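Below are the chains, spelled out letter by letter.
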Amino acid sequence: MQWGRVGPAGGCVGMLLTGTYNRTLDDKLRLAVPKPIREILEKSGSKRLYLAPGTDGSLAIYSEESFSKLAARLEQASPNRQDVRAYMRLFYSRAQSVEWDGQGRIRIASDLAPWVKAGAEVVLVGVHDHCEVWDAASWKSYVSGQQTRYDEVAESAFDQ
């Protein structure tokens, strides 16, 4: 997985996450942050990450910049909509600000423990502006279920 910036020819400027990393959580729910991620964040002067509930059973990891952009997008949603209020309550009440330790690990807070288990094999997945942490078996199942629909999903994703 790599973090980087896409220049003007790429159409967007921001962090770009790609790839996967296999990891094991230790008994204190610490997750080793891959070195390429740490190096890019160190260049930006930030060690801060945000952990939050993800989708499809994953745990999301955002850089400070990506988390701020997500918050700005949510501010645009109507606070009168019940689903918007519910999402914001569920998301922000469990989101945690973390920094990696001297060994490049982050600790998953107890509020987010339902998404991961100590000693579990997990997969970190780069998803454009954030990472997702998946239980390894759940990720494998998700990929095999979606891979057969790849062309259909690709067409739908670009049909906007």
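Now for a look at the structure at hand. (Residues numbered from 1 in each chain as written. Predicted model: local features only at pLDDT ≥ 70, side-chain atom pairs only at ≥ 80, totals over all residues. Heavy atoms only, no water.)

**A word on the pairing of strand S4 (residues 59-63)**
Side-chain direction in a regular strand flips from residue to residue, so the side chains alternate between the two faces of the sheet.
Next up, step 1: Of all 5 residues that make up S4, 5 are buried, and the element is covered over most of its length.
Next up, step 2: Looking at chain direction, strand S3 (residues 48-53) and S4 are connected through 5 bridges and run antiparallel. Of the residues in S4, the one forming a bridge with proline 53 is leucine 59.
Next up, step 3: Counting the residues in the hairpin turn of S3 and S4 gives 5 residues, including aspartate 56, whose phi is positive at 55 degrees. (Buried < 20%, exposed > 50% of the residue type's maximum accessible area, 1.4 Å probe, protein only. Helix = DSSP H or I, 4+ residues; strand = E, 2+ residues; numbered from the N terminus. Pairing = 2+ DSSP bridges.)

**Observations concerning unusual backbone geometry**
Next up, step 1: The phi dihedral of leucine 29 falls on the positive side, at around 60 degrees, and the residue is not glycine.
Next up, step 2: Tracing the sequence through the fold places leucine 29 in the loop between strand S1 (20-24) and strand S2 (30-32).
Next up, step 3: Its relative accessible area of 12% is what places leucine 29 among the buried residues.
Next up, step 4: Positioned with a positive phi, aspartate 56 is a non-glycine residue whose angle comes to about 55 degrees.
Next up, step 5: Residue position: aspartate 56 is located in the loop between S3 and S4.
Next up, step 6: Taking relative accessible area as the criterion, aspartate 56 reaches 56% and is therefore assigned exposed.

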